[in-house]
Amino acid sequence: MEDLDSFEIPSRSEQLPEVQLFLEKYPNAEISLDHERGQVKYVEEKTVKTRYGDEDRRFYLQIQFNVLGIPSPYVIGCSGNNAGVAGIDDMMDQIQSDWCFKGNLISIED
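Since the model is a prediction, treat every value here as computed from it, not as a measurement.

### Looking at the packing of aromatic side chains
Two measures describe an aromatic ring pair: the distance that separates the ring centres and the angle between the ring planes.
1) Next: Scanning the entire structure with this criterion turns up 5 aromatic pairs.
2) Next: Ring geometry for tyrosine 26 against phenylalanine 59: centres 5.9 Å apart, planes inclined by 90°, an arrangement best described as edge-to-face. Highlighted residues: tyrosine 26 in the loop between helix 2 (17-25) and strand 1 (30-34) and phenylalanine 59 in strand 3 (residues 53-65), separated in sequence by 33 residues.
3) Next: Given a relative accessible area of 0%, phenylalanine 59 falls into the buried group.
4) Next: Judged by centre distance (5.9 Å) and plane angle (85°), the ring pair of phenylalanine 59 and phenylalanine 101 falls under edge-to-face. Placement of phenylalanine 59 in strand 3 and of phenylalanine 101 in the segment after helix 3 (91-96) is noted, with a sequence separation of 42 residues between them.

So this is what it looks like as structure tokens:
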């Protein structure tokens, strides 16, 4: 990723609608950059009450830029006792629905 500098990678990723929505919902998300891989990762962490007790979850959106500076692939996921990865087709819906912190994962509120 010699062509993209450490400022340009996150700057390009923030132009993407998925990233804009993620940052709108989670303005304090942690942002990390792996310059060698051309990756930017956005992470929101919350503790969720489940029927089994409190569970720490990390909802993340990862964008990787190819050698031409084009974003590819996108990964969205949830780490915790129950994890999943959503495909690109429903990524905006998954971000909007707060999927990691409720929804398809078992919680007291379900």
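### Considerations on the nonpolar core
1) Next: With 22 residues, the main nonpolar core has Phe22, Phe59, Leu61, Ile63 and Ile95 as its most contacted residues.
2) Next: Among the elements of the structure, helix 2, strand 2 (39-50), strand 3, strand 4 (71-79) and helix 3 are those that each provide at least two residues to this core.

### Let's talk about the pairing of strand 1
1) Next: For strand 1 and strand 2, the ladder comprises 5 bridges, and the chain directions are antiparallel. Residue pairing for strand 2: aspartate 34 is matched across the bridge by glutamine 39.
2) Next: Count of turn residues in the strand 1/strand 2 antiparallel hairpin: 4 residues, of which glycine 38 carries a positive phi of about 65°.

### Overview of the state of the cysteines
What makes a disulfide is a covalent bond joining the sulfur atoms belonging to two cysteines.
1) Next: In the structure shown here, the tally under the stated rule is 1 disulfide.
2) Next: What pairs with cysteine 78 in a disulfide is cysteine 100, and their sulfur atoms sit 2.0 Å apart. On the sign convention where negative is left-handed, the bridge of cysteine 78 and cysteine 100, at about 60° about the S-S bond, is right-handed. Here cysteine 78 is found in strand 4, whereas its partner cysteine 100 is found in the segment after helix 3, with 22 residues between them in sequence.
3) Next: The class for cysteine 78 is buried, based on a relative accessible area of 2%.
4) Next: Residue cysteine 100 is classed as buried on the basis of its relative accessible area of 0%.

### What about the side chain of arginine 57?
1) Next: Considering the arrangement of structural elements, one finds arginine 57 in strand 3.
2) Next: Looking at arginine 57, its side chain comes within polar contact range of the side chain of glutamate 55, at 2.6 Å.

### Some words on the pattern of salt bridges
1) Next: By the definition in use, this model includes 4 salt bridges.
2) Next: The partner of aspartate 34 in a salt bridge is arginine 37, with the nearest N and O atoms 3.8 Å apart.
3) Next: Here arginine 37 falls in the exposed class, since its relative accessible area comes to 53%.
4) Next: A salt bridge links lysine 49 to aspartate 54; its shortest N-O distance comes to 3.3 Å.
5) Next: Judged by its relative accessible area of 55%, lysine 49 falls in the exposed class.
6) Next: Exposure remark for aspartate 54: the relative accessible area of 54% places this residue in the exposed category.

Calculation notes
- Residues numbered from 1 in each chain as written.
- Predicted model: local features only at pLDDT ≥ 70, side-chain atom pairs only at ≥ 80, totals over all residues.
- Heavy atoms only, no water.
- Phe/Tyr/Trp six-rings, centres within 6.5 Å; stacked < 30°, edge-to-face > 60°.
- Helix = DSSP H or I, 4+ residues; strand = E, 2+ residues; numbered from the N terminus.
- Buried < 20%, exposed > 50% of the residue type's maximum accessible area, 1.4 Å probe, protein only.
- Core = buried A, V, L, I, M, F, W, Y, C linked by side-chain atoms within 4.5 Å.
- Pairing = 2+ DSSP bridges.
- Disulfide = S-S within 2.5 Å.
- Polar contact = N/O pair within 3.5 Å; in protein donor to acceptor, adjacent residues only side chain to side chain.
- Salt bridge = Lys/Arg side-chain N within 4 Å of Asp/Glu carboxyl O.

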